[in-house]
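Inside the fold
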Amino acid sequence: MDTPLFSVNNICKIFPAVAGEEPFTALHGISLDIFAGQCLMIAGSNGSGKTLLMRIIAGLLEPSGGDVLFRGQSLYGARSVERRETEKALRRELGLVFQDADAQIVGETAIEDAAFGPENLGLSAADANACADKALAAMGLAEKRDNAPRRLSGGEKRRLAIAGVLAMGCNTIIMDEPFANLDWPGVVQTLNIIRDLKNDGKTLIILTHELEKVLALADRLVILHQGIIRHDGPPAEVVEQLNPAWGVRDPRRNYAAVKDCSWLEH
Ligand SMILES: Nc1ncnc2c1ncn2[C@@H]1O[C@H](COP(=O)(O)OP(=O)(O)O)[C@@H](O)[C@H]1O
Ligand SMILES: [Mg+2]
């Protein structure tokens, strides 16, 4: 079998005690191999540990125990020189789309925002702008290129964040609650984009508590509850065995079958 893109090995995250409270273990020994080209969904209620896990996979948050291997290279166990090399490779591969689109805005205009990533990777301003223009067009934002990001709608802001990672040439994208604060047209647009990215062969990791909107696009479903993986497998199999105590509603409650669980028009 191929080397996984990511091997999450026994990741723990413990927050130390503050002001007389007990220490809090947010992630209890998470292990997960993620392969290129997969569309993986990680579902769990609020507080289950999805965002922490994302930040740890992305090299942004030091775990309390365990390690993440990116293409077999250690992110947290290696010496700093090697780790920096691995982090550099990771930055080119992995793009993050945060739950709060406003927090991700860095430019004064859409084009400036989308060009920020590629410029950071060392591209000239002209090349970065060319990548950004292409990505904005792919996200249906060509006409907004000179608009102020803060004036875009919620759906447009999320598409701008996705344009930013596409402009960097990222082949793997983690989306944290991609439907948060979106109205129905925004959800449908985002779903169309997720489907197109999947068809383009991107590796997608989608963190959500809203499976009924998107599960039809998943190749694999992981259920996270109180920092523990409760189930991991083909979506149809996992939803058969959902335990209500895990805080994830059966996405099929309004649909006949998993293949119908999507807000995308058929
Ligand atoms: N800096 C922190 N200090 C203490 N607890 C934290 C901190 N960050 C997150 N947590 C806790 O860890 C748990 C998981 O958080 P998070 O990954 O954000 O959940 P999710 O994204 O699934 O809603 C929550 O109970 C949260 O309160
Ligand atoms: Mg979260």
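Bear in mind that the values here come from a model prediction, so they are computed numbers and not experimental data. (Residues numbered from 1 in each chain as written. Chains lettered and ligands numbered in written order. Predicted model: local features only at pLDDT ≥ 70, side-chain atom pairs only at ≥ 80, totals over all residues. Heavy atoms only, no water.)

**Regarding the packing of helix α3 (residues 110–120) against helix α5 (residues 154–167)**
With their axes 7 Å apart at the nearest point, α3 and α5 run at an angle of 35° to one another. Along this stretch, α3 crosses α5, giving a crossing that reads as right-handed. Across the interface between the two elements, A110, D113, A114 and P118 of α3 pack against L160, G164 and A167 of α5. Looking at side-chain class alone, the contact of α3 with α5 contains five nonpolar, one polar and one charged residues. (Axes fitted to C-alpha atoms, helices over the stretch in contact; angles between N-to-C directions. Helix = DSSP H or I, 4+ residues; strand = E, 2+ residues; numbered from the N terminus. Left-handed = near helix turned anticlockwise from the far one by under 90°. Contact = heavy atoms within 4.5 Å. Nonpolar A, V, L, I, M, F, W, Y, C, P; charged D, E, K, R; others polar.)

**Some details on the sheet that holds strand β7 (residues 172–176)**
Taken in spatial order, the six strands make up an open sheet running β6-β7-β8-β3-β9-β10, and their pairing is mixed. Each end of this open sheet is capped by a strand with a single partner; those strands are β6 (94–97) and β10 (228–233). This sheet shows a mean twist of 15° between the axes of neighbouring strands, independent of strand direction. Packed onto the sheet, helix α2 (residues 80–93) meets β6 and β7 and runs at close to 60° relative to β6. Against the sheet, α5 engages β6 and β7, with an angle of about 170° to β6. (Pairing = 2+ DSSP bridges.)

**Digging into the site of ligand 1**
Ligand 1 sits among F15, F24, A26, S45, N46, G47, S48, G49, K50, T51 and L52. The contact in question runs from an oxygen atom of ligand 1 to an N or O atom on the side chain of T51, over 2.8 Å. Every element with two or more residues in the shell around ligand 1 is listed here: β2 (24–34) and α1 (50–57). Top element by residues in the shell around ligand 1 is α1. It accounts for three residues. In terms of residue class, the shell around ligand 1 is made up of four nonpolar, six polar and one charged. (Near = heavy atom within 4 Å. Polar contact = N/O pair within 3.5 Å; in protein donor to acceptor, adjacent residues only side chain to side chain.)

**Some thoughts on the nonpolar core**
If you look at the biggest cluster of nonpolar residues, it comprises 49 residues, and the most contacted ones within it are M41, L215 and L221. With near-sequence residues (within four places) excluded, L215 lies in contact with M41, L221, P235, V239, P251, V258 and C261. Ranked by size, the runner-up nonpolar core spans 30 residues in total, among them I11, L27, I30 and I57. (Core = buried A, V, L, I, M, F, W, Y, C linked by side-chain atoms within 4.5 Å. Buried < 20%, exposed > 50% of the residue type's maximum accessible area, 1.4 Å probe, protein only.)

**Here's the deal with the sheet that holds strand β4 (residues 65–70)**
With antiparallel pairing, the four strands of this open sheet are ordered in space as β2-β1-β4-β5. In this open sheet, the two edge strands, each paired with only one partner strand, are β2 and β5 (73–74). As judged from the seven bridges shared by strand β1 (residues 6–15) and β2, these two strands associate in the antiparallel manner. Of the residues in β2, the one forming a bridge with K13 is L27.

**Observations concerning unusual backbone geometry**
With a phi close to 45°, E177 is a non-glycine residue in the positive phi region. By the element assignment, E177 lies in the loop between β7 and α6 (184–199). You can call E177 buried: its relative accessible area is 3%. Residue Q226 is not a glycine yet carries a positive backbone phi of 50°.

**A few points about the packing of α3 against helix α4 (residues 125–138)**
Closest axis-to-axis distance for the α3/α4 pair is 8 Å, and the angle between their directions is 120°. The orientation of α3 with respect to α4, classified from their angle, is oblique. The crossing of α3 and α4 is right-handed. Taken together, the residues of α4 that come into contact with α3 (itself represented by A110, I111, A114, A115, P118 and E119) are A125, A128, N129, C131, A132, D133 and L136. (Parallel < 35°, antiparallel > 145°, perpendicular 65-115°, else oblique.)

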